[in-house]
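Structural overview
Take a look at the letters that make up each chain.
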Amino acid sequence: MGTIKCLASSCWRVLAGPRMTVYTRAACSSGSLRSTQVTKKAFICHGANTQTPYVEQKKSFVLKTPKGTHDVHPQQMAIREKVFRTVVNCFKRHGAESIDTPVFELKDFDIAGHHDPMIPDAECLKIMYEILSELELGGFLIKVNDRRLLSGILSVCGVPDSEFRTACTSIDKLDKIPWDKVRSEMIEEKALRPETVDRIGEYIRLTGGFALMEQLRSDPVISQNALAMEALSDLKLLYRYLEIFGVAEKVTLDLSLARGLDYYTGLIYEAVLLPDQGWTQSSQDATAASDVSLGSVAAGGRYDDLVAMFDVKGRRVPCVGISIGLERIFSIVEKKAQESNKNGRTTETQVLVATAQAMHLEERMELITALWNAGIKAEMLYKRRPKLLTQLQHCERTGIPLVAIIGEQELKDGMVKLRDVATRQEVDVPRENLVAEIRKRAEILQQTHSD
């Protein structure tokens with residue numbers, strides 16, 4: 001069974017301002033979440049932005065952002081919602097069920113229960129691959145290791161069990177500092193013998209795919225350690241499953257990966273971004289995966305004993321999962337948007353109800369009411385006599401794709417002029433067919449954007 005942590009909001013508010021504004025507060029019960037989802041749907045239908053509240057500045061008070069939080073502006077919020085949507089859709093595609101927890105980020109996917117080896121683990125890596133591919137962050141690499149393999153390697157190199165974790169804290173720095181500095185730290189600060197550290201260095205600087213796994217399996221020293229061989233057997237099976245899932249080319253065995261050893265019991269993995277889209281495993285050398293990565297954006301592993309630590313009866317529930325680094329991903333996507341000078345949509349509005357003449361306010365209100373009642377996401381300018389150019393410019397600025405225009409002739413003929421903002425093409429649509437035409441065009445636009 002897969003589960004995801006969901007963001008719950010205690011309320012949604014509409015505040016006076018240039019447009020309707022929606023914001024969320026801290027997490028609450030799942031019952032409240034269900035009611036707010038309905039409210040949010042209604043707000044979006046009316047063209048609301050999901051952003052922090054607009055408050056007119058007054059001399060009588062100073063509005064301060066609560067400690068530990070920060071404002072998210074419409075452009076940023078549009079990016080965040082797209083990232084959230086991509087992550088959630090991927091989780092649900094893999095059968096995830098939502099749970100309500102007091103968190104501010106939706107980012108985790110976990111599979112709990114007794115399953116055959118490496119099947120759920122492989123699916124977690126597949127999910128990681130899908131999310132990072134769909135977000136188009138650039139080239140990435142998924143590094144994997146196994147706590148059992150690392151423990152076996154350190155054991156055959158002469159590291160006592162009591163020094164396992166302290167040695168791993170140094171090994172885990174290899175993605176940030178060169179080997180000579182890690183070696184010095186292990187000798188001078190961790191008091192490990194130089195010959196032991198040198199033997200460790202022969203192994204932990206290795207990276208590669210299936211060939212490396214076979215090399216380690218045939219290693220005369222490693223093959224004498226039962227725990228390491230057990231891990232390598234599982235890794236071989238994992239690699240086969242990843243080949244079937246079509247993601248093996250993005251996965252590499254990195255023996256220096258030593259994260260979360262306080263709770264991970266088996267497989268460990270981490271996704272890192274790479275500077276070159278053309279990166280492939282064939283171009284890797286022993287330390288390249290660490291040297292060229294731009295930082296971790298997702299991580300996870302198997303933690304079979306963690307649940308028992310918090311269960312009063314000590315019941316053991318094997319688990320494996322992934323965690324997506326949303327804040328880092330937000331920053332990367334926002335930076336890419338700034339560099340490309342592309343203004344993303346900040347509203348889900350499908351159509352703006354406009355008038356060609358400086359009148360017809362009540363007729364606009366009647367038409368937009370019909371659209372709202374039909375579930376169409378629509379808005380109009382809050383002016384009695386808006387200029388048509390002003391209305392069209394509003395659509396171009398906010399990314400609204402369609403304009404429903406009414407004038408004297410349209411009202412007389414029972415028609416609505418529907419304008420495509422991008423192409424500037426206009427067609428006359430019978431009023432009774434307007435809802436169906438907007439829905440059809442919205443589906444076409446959605447399909448275009450998804451492609």
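The structure this text deals with has already been given above.
Below is a summary of the structure that appears in this document. All values reported here derive from a predicted model rather than from experimental measurement. (Residues numbered from 1 in each chain as written. Predicted model: local features only at pLDDT ≥ 70, side-chain atom pairs only at ≥ 80, totals over all residues. Heavy atoms only, no water.)

**Quick notes on the overall build of the chain**
Stated formally: Only DSSP runs of H or I with at least four residues qualify as helices, and only runs of E with at least two residues qualify as strands; both kinds are numbered from the N terminus onward. Accessibility here uses a 1.4 Å probe with only protein chains present; expressed as a share of the type maximum, an area under 20% marks a residue as buried, one over 50% as exposed, and anything in between as partly exposed. What makes two residues a contact is simply this: any of their non-hydrogen atoms within 4.5 Å. In these tables, accessible area is a Shrake-Rupley quantity obtained with a 1.4 Å probe, and a residue counts as shielded only by the protein chains included in the view.
From N to C terminus, the chain includes 16 helices and 16 strands. Counting only residues that meet the buried cut, the chain has 46% of its 451 residues in that class. A sequence separation of at least 24 residues applies to 68% of the contacts in the chain between residues at least 6 apart. Of the roughly 23600 Å² of accessible surface on the chain, 52% is carried by carbon and sulfur atoms.

**Examining helix H14 (residues 388–398)**
What counts here: Starting at the helix axis, one direction is taken to each C-beta atom, and the arc is that of these directions.
Looking at H14, one finds that the buried residues are Gln391, Leu392, His394, Cys395 and Thr398. Across the axial projection of H14, the buried residues extend over an arc of 150 degrees, all falling on one side. In H14, the exposed positions that point more than 90 degrees away from the buried face belong to Leu389 and Arg397. Elements in contact with the buried residues of H14: strand E12 (351–355), strand E13 (378–379), strand E14 (402–406) and strand E15 (415–420). Count one or two residues on from H14 and you reach Gly399, which has phi positive near 85 degrees.

**Side note on the sheet that holds strand E16 (residues 426–430)**
To keep it simple, the criterion reads: Here, strands pair whenever DSSP counts at least two bridges between them. For helices, the fitted line uses only the C-alpha atoms of the stretch in contact; every axis is such a line through C-alpha atoms, and the angle between N-to-C directions lies from 0 to 180 degrees.
Pairing is mixed across the open sheet formed by five strands, whose spatial order is E13-E12-E14-E15-E16. Each edge of the open sheet is held by one strand with a lone partner, namely E13 and E16. Those strands touched by helix H13 (residues 361–373) are E12, E13, E14 and E15, and its axis lies near 160 degrees from that of E12. Most of the contacts of H14 go to E12, to which it runs at about 170 degrees, and overall it touches E12, E13, E14 and E15.

**Details of the pairing of E14**
Of all five residues in E14, five are buried; the element is thus mostly enclosed. Bridge count for E12 against E14 is five bridges, and the pairing is parallel. What sits directly across from Leu352, in E14, is Val403. One ladder, built from four bridges, connects E14 with E15; its direction is antiparallel. Bridging from a neighbouring strand, Ala404 pairs with Leu418 of E15.

**Section: the environment of Gln224**
Among the structural elements, Gln224 can be located in the loop between helix H8 (210–217) and helix H9 (226–245). What makes Gln224 exposed here is its relative accessible area of 65%. Considered as a pair, Gln224 and Val156 are 68 residues apart in the sequence and their alpha carbons are 8.3 Å apart.

**Regarding helix H7 (residues 194–204)**
The set of residues buried in H7 consists of Thr196, Val197, Ile200, Gly201, Tyr203 and Ile204. Viewed along the axis of H7, the buried residues span an arc of 165 degrees, placing them on a single side of the element. Lining the buried residues of H7 we find helix H4 (147–156), helix H5 (164–171), helix H6 (179–188) and H8.

**Digging into the nonpolar core**
Soluble, globular proteins show a tendency: their nonpolar side chains are buried together. Let me state the cut-off plainly: Think of a nonpolar core as a cluster: buried Ala, Val, Leu, Ile, Met, Phe, Trp, Tyr and Cys residues, connected wherever their side-chain atoms sit within 4.5 Å.
Val83, Phe91, Ile142, Leu149, Met186, Tyr269 and Ile322 are the most contacted members of the largest nonpolar core, which totals 79 residues. The dominant element in this core, judged by the number of residues it contributes, is helix H3 (residues 119–135), at nine residues. Contacts of Leu149, omitting those with residues within four sequence positions, involve Leu216, Ala228, Ala231, Leu232, Leu235 and Leu255. Ala404, Ile406, Val429 and Ile438 belong to the second largest nonpolar core, which has 17 residues in total.

**Comments concerning unusual backbone geometry**
Although it is not a glycine, Met118 adopts a positive phi angle of roughly 70 degrees. Positionally, Met118 belongs in the loop between strand E5 (108–112) and H3. A relative accessible area of 4% means that Met118 is categorised as buried. With phi around 65 degrees, Arg424 is a residue other than glycine that occupies positive phi space. Positionally, Arg424 belongs in the loop between E15 and E16. Given the relative accessible area of 56%, Arg424 is considered exposed.

**Things to note about the side chain of Asp420**
Defined as follows: Note that His is not counted, nor are the chain ends; the positive residues are Lys and Arg, and the negative ones are Asp and Glu. The rule for a salt bridge is simple: a side-chain nitrogen of Lys or Arg has to be within 4 Å of a carboxyl oxygen of Asp or Glu.
Here Asp420 lies in strand E15. For the buried residue Asp420, which engages in no salt bridge, the nearest side chain bearing the opposite charge is Arg441, 4.3 Å off.

**Details of the packing of aromatic side chains**
The criterion, for reference: Classification of ring pairs rests on two measures: the distance between centres of Phe, Tyr or Trp rings, Trp counted by its six-membered ring, which must be within 6.5 Å, and the angle between planes, read as stacked under 30 degrees, edge-to-face over 60 and tilted in between. Ring-over charges, as used throughout, are those where CZ of Arg or NZ of Lys falls within 6 Å of the ring centre and within 35 degrees of the ring normal.
For the structure on display, the rule yields five aromatic pairs. Ring geometry for Phe84 against Phe330: centres 5.6 Å apart, planes inclined by 65 degrees, an arrangement best described as edge-to-face. Of this pair, Phe84 sits in helix H2 (residues 74–93) while Phe330 sits in helix H12 (residues 326–340), and the two are 246 residues apart along the sequence. Ring geometry for Phe91 and Phe109: centres 5.3 Å apart, planes at 45 degrees, overall tilted. In this pair, Phe91 is assigned in helix H2 and Phe109 in strand E5, connecting sequence segments 18 residues apart. Look at Phe109 and you get buried, because its relative accessible area is 1%. The aromatic ring of Phe140 is capped on one face by Lys250, whose charged end is 4.8 Å from the ring centroid.

**With respect to the pattern of salt bridges**
This model, assessed by the stated rule, comprises 33 salt bridges. A salt bridge links Arg165 to Asp262; the shortest N-O distance between them is 2.8 Å. Here Arg165 is found in helix H5, whereas its partner Asp262 is found in the loop between strand E8 (251–254) and strand E9 (267–273), with 97 residues between them in sequence. Of the residues examined, Asp262 reaches a relative accessible area of 56% and is grouped as exposed.

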